[in-house]
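Listed below, chain by chain, are the residues.
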Amino acid sequence: GAVVSQHPSWVICKSGTSVKIECRSLDFQATTMFWYRQFPKQSLMLMATSNEGSKATYEQGVEKDKFLINHASLTLSTLTVTSAHPEDSSFYICSAREPRDTGGYTFGSGTRLTVV
Amino acid sequence: SQKIEQNSEALNIQEGKTATLTCNYTNYSPAYLQWYRQDPGRGPVFLLLIRENEKEKRKERLKVTFDTTLKQSLFHITASQPADSATYLCALQAGSYQLTFGKGTKLSVIP
């Protein structure tokens with residue numbers, strides 16, 4: 001089946017630094033990718049929709065200057081958490097629509113970000 | 001405001017029995033309802049999608065029902081196995097690409 005590869009799987013960074021998370025669609029092209037954040041025992045919350053070749057669409061309450069999204073090719077979207085703070089510590093997951101006509105979405109394996 | 005509720009945070013069931021998970025929603029008119037499985041520290045995995053004009057969908061040991069009058073979906077796993085232990089997420093899609101997820105139900109299948 002369709003695979004979305006997400007790296008790194010975990011990262012620890014110091015407050016004030018930036019962290020980049022990559023999301024690649026393998027063997028299929030994804031003009032649109034989605035970035036979610038999930039806190040423990042909470043639902044996945046959509047942060048932004050990443051569109052290849054154009055600006056990302058951010059959900060209400062998500063700071064676009066803090067969470068920079070770049071979707072420069074049909075197989076790669078990146079999320080950069082800038083000037084990270086401990087409250088940004090969370091599980092970040094990307095997804096893309098499955099290329100098969102199932103209507104479902106395929107998700108990356110997630111990135112556990114810890115800001116110390 | 002829109003709300004999605006999965007009735008139990010956790011559900012324990014004996015191996016071989018049928019597990020039934022519930023997803024209720026309010027202030028929402030989804031065109032599609034999807035179910036995902038999520039293992040600890042992993043991203044969700046797509047299981048099934050059911051459309052608003054469909055009552056039931058099956059895939060192997062999985063069955064999903066969708067009642068738009070009751071605003072409820074039921075997710076069944078028959079002949080449950082310990083390997084079915086995971087968190088199951090309900091997600092609604094109104095028409096655009098965006099999914100809205102419930103908090104999930106953690107299913108434990110006891111041998």
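Below is a summary of the structure that appears in this document. (Residues numbered from 1 in each chain as written. Chains lettered and ligands numbered in written order. Predicted model: local features only at pLDDT ≥ 70, side-chain atom pairs only at ≥ 80, totals over all residues. Heavy atoms only, no water.)

Before going further, it helps to spend a moment on the interface of chain A and chain B. Reports of interface size often rely on the accessible area that becomes lost once the parts have come together. Listed as interface residues are 22 residues of chain A and, on the opposing side, 18 residues of chain B. Regarding the contact of chain A and chain B, the summed buried area is about 1700 Å², with carbon and sulfur atoms giving 56% of it. Three residues, A:L44, A:Y105 and A:F107, lead the burial of chain A against chain B; their summed loss comes to 27% of the area buried on that side. Here chain A is connected to chain B by 1 salt bridge. In this structure, the connection of chain A to chain B is made through 6 residue pairs in polar contact (both at pLDDT 80 or more). Secondary-structure elements contributing two or more residues to the side of chain A that touches chain B are strand 4 (32-38), strand 5 (45-51), strand 9 (90-97) and strand 10 (105-107) of chain A. By residue number, the principal contributor to the side of chain A that touches chain B is strand 4 of chain A, which donates 4 residues. Across the side of chain A that touches chain B, the residue classes break down as 8 nonpolar, 10 polar and 4 charged. (Contact = heavy atoms within 4.5 Å. Buried area = accessible area lost by both parts, 1.4 Å probe. Salt bridge = Lys/Arg side-chain N within 4 Å of Asp/Glu carboxyl O. Polar contact = N/O pair within 3.5 Å; in protein donor to acceptor, adjacent residues only side chain to side chain. Helix = DSSP H or I, 4+ residues; strand = E, 2+ residues; numbered from the N terminus. Nonpolar A, V, L, I, M, F, W, Y, C, P; charged D, E, K, R; others polar.)

Our next topic: the packing of aromatic side chains. Going through the model one piece at a time under the given rule, you end up with 11 aromatic pairs over all chains. Relative to A:Y92, the ring of A:F67 has its centre 6.4 Å away and its plane inclined at 40 degrees; by these criteria the two rings are tilted. Taken together, the residues span a long stretch of sequence, with A:F67 in strand 7 (residues 67-73) and A:Y92 in strand 9 at a distance of 25 residues. Taking the centre distance of 4.8 Å and the plane angle of 20 degrees together, the rings of B:W35 and B:F75 count as stacked. Taken together, the positions of B:W35 in strand 4 (residues 32-38) and B:F75 in strand 8 (residues 72-77) put the pair 40 residues apart, joining distant regions of the chain. You'll find B:W35 and B:F75 in the same group, each marked buried. Three or more aromatic residues link up through ring pairs in this structure, and these residues are A:Y36, A:F107, B:Y36, B:F46 and B:F101. (Phe/Tyr/Trp six-rings, centres within 6.5 Å; stacked < 30°, edge-to-face > 60°. Buried < 20%, exposed > 50% of the residue type's maximum accessible area, 1.4 Å probe, protein only.)

Right, let's get into the side chain of B:Q38. Mapped onto the secondary structure, B:Q38 falls in strand 4. The contact partners of B:Q38, leaving out residues within four places of it in the chain, are A:Q38, A:L44, A:F91, A:I93, B:G43, B:P44, B:A86, B:T87 and B:L89.

On to the sheet that holds strand 1 (residues 3-6) of chain B, then. Residues and elements named next belong to chain B. With respect to topology, 5 strands assemble into an open sheet ordered 1-3-8-7-6, the strand pairing being antiparallel. Two strands bound the open sheet, and with one partner strand each, they are strand 1 and strand 6 (56-59). Mean inter-strand twist for the sheet, computed between neighbouring axes without regard to direction, equals 15 degrees. Examined bridge by bridge, strand 3 (residues 19-26) and strand 8 share 6 bridges and lie antiparallel to one another. Following the sheet pairing, N24 is matched in strand 8 by Q72. (Pairing = 2+ DSSP bridges. Axes fitted to C-alpha atoms, helices over the stretch in contact; angles between N-to-C directions.)

Let's shift gears to the pattern of salt bridges. All names here are of chain B. Here the structure, examined in full by the defined rule, presents 9 salt bridges over all chains. One salt bridge connects R58 with E56, and the closest N-O pair in it is separated by 2.9 Å. Using a relative accessible area of 59% as the deciding quantity, one classes R58 as exposed.

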